[in-house]
Every structure is written in C-alpha cells, then in structure tokens.
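Structural features, examined
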Amino acid sequence: MIGNKIKEMRQAKGYSISELAKLADVSKSYLSHIERGLQSNPSLQFLHKIAKPLGTSLDYLLQEVNTDKDRPVELDDEWIVLIRGAVEDGLKKEDFREYLNYIKFQAWMKEKQSK
C-alpha cells in the first residue's frame, strides 16, 4: 500500500508527519489519512509533492512491489558522519564516483589474477 511506503520513507528520513507535510506543502491531516490507509488514492500532484522531500521518484512511490534493490538504503549514523565529513572536506560527487570505479576495478583485477 502506498501509504505504508510513504510512512516508512518518512520515518527513515526522521521526519514527523508535520515536518513532511510542511516540506511538501501538503495538508498534515491528508498525509495522515494516506499513511493510515483511510485515503488510498492520492493524486499524482500530491505524490509529486511528497516525493521530493522523501528523496524519491513518483515512479518508486507508484511501484506495487518493493524489492530489496528498489528499497531506499538507510544510512546509519556512522555513514552519515563519514559522508558529511567528506563533503565538508571538499569531496565532490564526481570524485566519489571515480573512487568507487577504482575500487570496483581493483576487485575485478584481484578476481582475474586469482583465476
């Protein structure tokens, strides 16, 4: 159910219903009704407004089945501190992507050499 998905994502972000409603510029009572399943057919406009502060897409919210691959990754406090520190130290997204590619390449080389 879409309401459960919104509630799980909201809680994962650490937002109260009031906070998410304010960030998305939607009615707190309507959001509550959606999450509790009292209203099960939200408009696309509502979902679009909710998707942005939740850091997701309209497509994801509309998906019927959650797979582990599609489920948003929840970062623990240590990851958040590490990422914030790296960003504060000037790490850019492009640098991080390059580093990940380097790590993947090293793992691939190691696997290739062990064969």
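Just above sits the structure.
Here we summarise the structure given alongside this text. All chains use their own residue numbering, which begins from 1 and follows the written sequence. In keeping with the model being predicted, local features are shown solely for residues with a pLDDT of at least 70 and side-chain atom pairs are shown and tallied solely at 80 or more, while totals for entire chains, interfaces and linings include all residues. Remark: hydrogens and water are excluded; side-chain values derive from all non-hydrogen atoms of the structure.

Quick look at the pattern of salt bridges
Salt bridges are defined as contacts in which a side-chain nitrogen from Lys or Arg sits within 4 Å of a carboxyl oxygen from Asp or Glu. Across all of its chains, the model carries 1 salt bridge by this definition. Between Arg10 and Glu35 there is a salt bridge, with the nearest N and O atoms lying 2.7 Å from each other. Taken together, the residues span a long stretch of sequence, with Arg10 in helix H1 (residues 2-13) and Glu35 in helix H3 (residues 28-35) at a distance of 25 residues. Under the scheme used here, helices are H or I runs from DSSP no shorter than 4 residues and strands are E runs no shorter than 2 residues, and both carry numbers assigned from the N terminus.

Observations concerning helix H6 (residues 77-88)
Between the first and last residue of a helix there are one fewer steps than residues, each counted as 1.5 Å, and that sum is the expected span. Taking 1.5 Å of rise per residue, 12 residues should cover 16 Å, and H6 covers 16 Å from first to last C-alpha, within 8% of that figure. H6 sits mainly on the outside: 0 of its 12 residues count as buried. By the N-cap criterion, in which a side-chain oxygen at the helix start approaches the backbone nitrogen of a residue two or three places on, H6 is capped by Asp76, the distance to Glu78 being 3.1 Å. Where H6 terminates, the next one or two residues include Gly90, which has phi positive at roughly 100°. Between buried and exposed lies partly exposed: a residue is buried under 20% and exposed over 50% of the maximum accessible area for its type, with that area taken using a 1.4 Å probe on protein chains only. Think of a polar contact as two N or O atoms within 3.5 Å of one another; within protein, one of them needs to be a possible hydrogen donor and the other a possible acceptor, and neighboring residues in sequence only count if both atoms come from side chains.

Some remarks on the nonpolar core
Ile6, Leu31, Phe46, Ile50 and Leu61 are the most contacted members of the largest nonpolar core, which has 16 residues in total. Looking at this core, the elements that each hand over two or more residues are H1, helix H2 (17-24), H3, helix H4 (44-54) and helix H5 (58-62). If one sorts the elements of this core by residue count, H4 sits on top with 5 residues. Note on terminology: a nonpolar core comprises buried Ala, Val, Leu, Ile, Met, Phe, Trp, Tyr and Cys residues joined through side-chain atoms within 4.5 Å.

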